[in-house]
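# Analysis of the macromolecular model
One-letter residues, chain by chain:
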Amino acid sequence: MFEKCFVPFVKSSLLGVPEIQTNQHENDESGRSSSVPLSDPLDKCMKALFKEMTDLLPELKVDVIHDFDMTPMRRPKILVQTVGHISGAVYMYRLEDLKSHESCISENESSLPLNIPWTSDQKIFPVCLHPRFGGWFALRGVIIFKTVTCHSLARPIPRPLLQSPEEIMKLLELYNNCWRNNAFRDVIPVQEKYSSTQQKYFATPPAKRIELLKQILEKK
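Here's what I pulled together on the structure shown here. Just so it is clear, the model here is predicted, and its values are computed rather than measured. (Residues numbered from 1 in each chain as written. Predicted model: local features only at pLDDT ≥ 70, side-chain atom pairs only at ≥ 80, totals over all residues. Heavy atoms only, no water.)

### Description of the overall build of the chain
The following threshold applies: Going along the chain from the N terminus, every DSSP run of H or I of four or more residues is numbered as a helix, and every run of E of two or more is numbered as a strand. Per-residue accessibility, obtained with a 1.4 Å probe over protein chains only, is compared with the maximum for each type, and a residue is labelled buried under 20%, exposed over 50%, and partly exposed between these values. Contact definition: two residues touch when any of their heavy atoms are within 4.5 Å.
What the chain contains, in helices and strands, is 7 helices and 4 strands. Along the chain direction, N to C, the helices and strands of the chain fall in the order α-α-β-α-β-α-β-β-α-α-α. The buried share of the chain, reckoned over its 220 residues, is 37%. Residue pairs at least 24 apart in sequence account for 72% of intrachain contacts in the chain once pairs closer than 6 positions are excluded.

### Comments concerning helix α7 (residues 209-218)
Which entries qualify depends on this criterion: The directions from the helix axis to the C-beta atoms form the arc being described.
Within α7, the full set of buried residues consists of Arg209, Ile210, Leu212, Leu213, Ile216 and Leu217. All buried residues of α7 lie within an arc of 155° about the axis, which places them on one face of the element.

### So, the packing of helix α6 (residues 196-203) against α7
Which entries qualify depends on this criterion: Note on method: axes are straight lines fitted to C-alpha atoms, helices fitted across the in-contact stretch only, with angles between N-to-C directions ranging 0 to 180 degrees. Under this scheme an angle from 65 to 115 degrees is roughly perpendicular, one under 35 degrees roughly parallel, and one over 145 degrees roughly antiparallel; angles in between are oblique. Crossings are assigned a handedness: left-handed for a near helix turned anticlockwise from the far helix by less than a right angle, right-handed for a clockwise turn. All residues other than Ala, Val, Leu, Ile, Met, Phe, Trp, Tyr, Cys, Pro, Asp, Glu, Lys and Arg, Gly among them, are scored as polar; the first ten of these are nonpolar and the last four charged.
One can describe the packing of α6 onto α7 by two numbers: an axis separation of 9 Å at closest approach and a directional angle of 160°. Taken as axis vectors, α6 and α7 run roughly antiparallel relative to one another. Between α6 and α7 the crossing geometry is right-handed. Facing α6, whose interface residues are Thr197, Lys200, Tyr201 and Phe202, α7 presents Arg209, Leu212, Leu213 and Ile216. Here the contact of α6 with α7 is composed, by residue class, of 5 nonpolar, 1 polar and 2 charged.

### A closer look at α6
Where α6 is concerned, the buried positions are Gln198, Tyr201 and Phe202. Within α6, the buried residues cover an arc of 90° as seen down the axis, which keeps them to one side. In this structure, α6 carries Ser196 and Ala203 as exposed residues pointing more than 90 degrees from its buried face.

Okay, here's the thing in structure tokens:
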């Protein structure tokens, strides 16, 4: 996505446009923050790409919801990780998965309960894994076909990718405590991961990403 879609989009549409500014806040890999207006180049790229897709289906009524879209109450309009899990495309691991393992272990007299390294009031964010890409992917939004129904559409069951509570605990700990080093993305073997250029972009502070994009394009 980065080299084939995002970089060409920036080259043709964004660089040189004065109002394109990256977010100054610390945030996730795409540079978003829920407290500021949309201004991230990647978000703009996704809006353009989703529009291209829906323009191919002019006869259908659709709603597009991006991962950065917020309600008037500043809450996400959609939880893309939950959608990814329900679709069967990825498996979303939550603290509840760890607790369910602990409950099963506790019922076995020959085993000891798993020691979860978080307090009961600590917020632990969920994280998804893809069977091919591990954590090297992002869920950017959904397209809702408002007038299409298909009662026979199969609903794939999300396939667990981790085999033990210790593996789940390690994933959640890596994602919540040290996501910047990308270690959580490699908790399972992966077939493909972000290029070194893409990794460098997401590791760059948002305020410096436009300058990095200019450097990337100069090498093209």
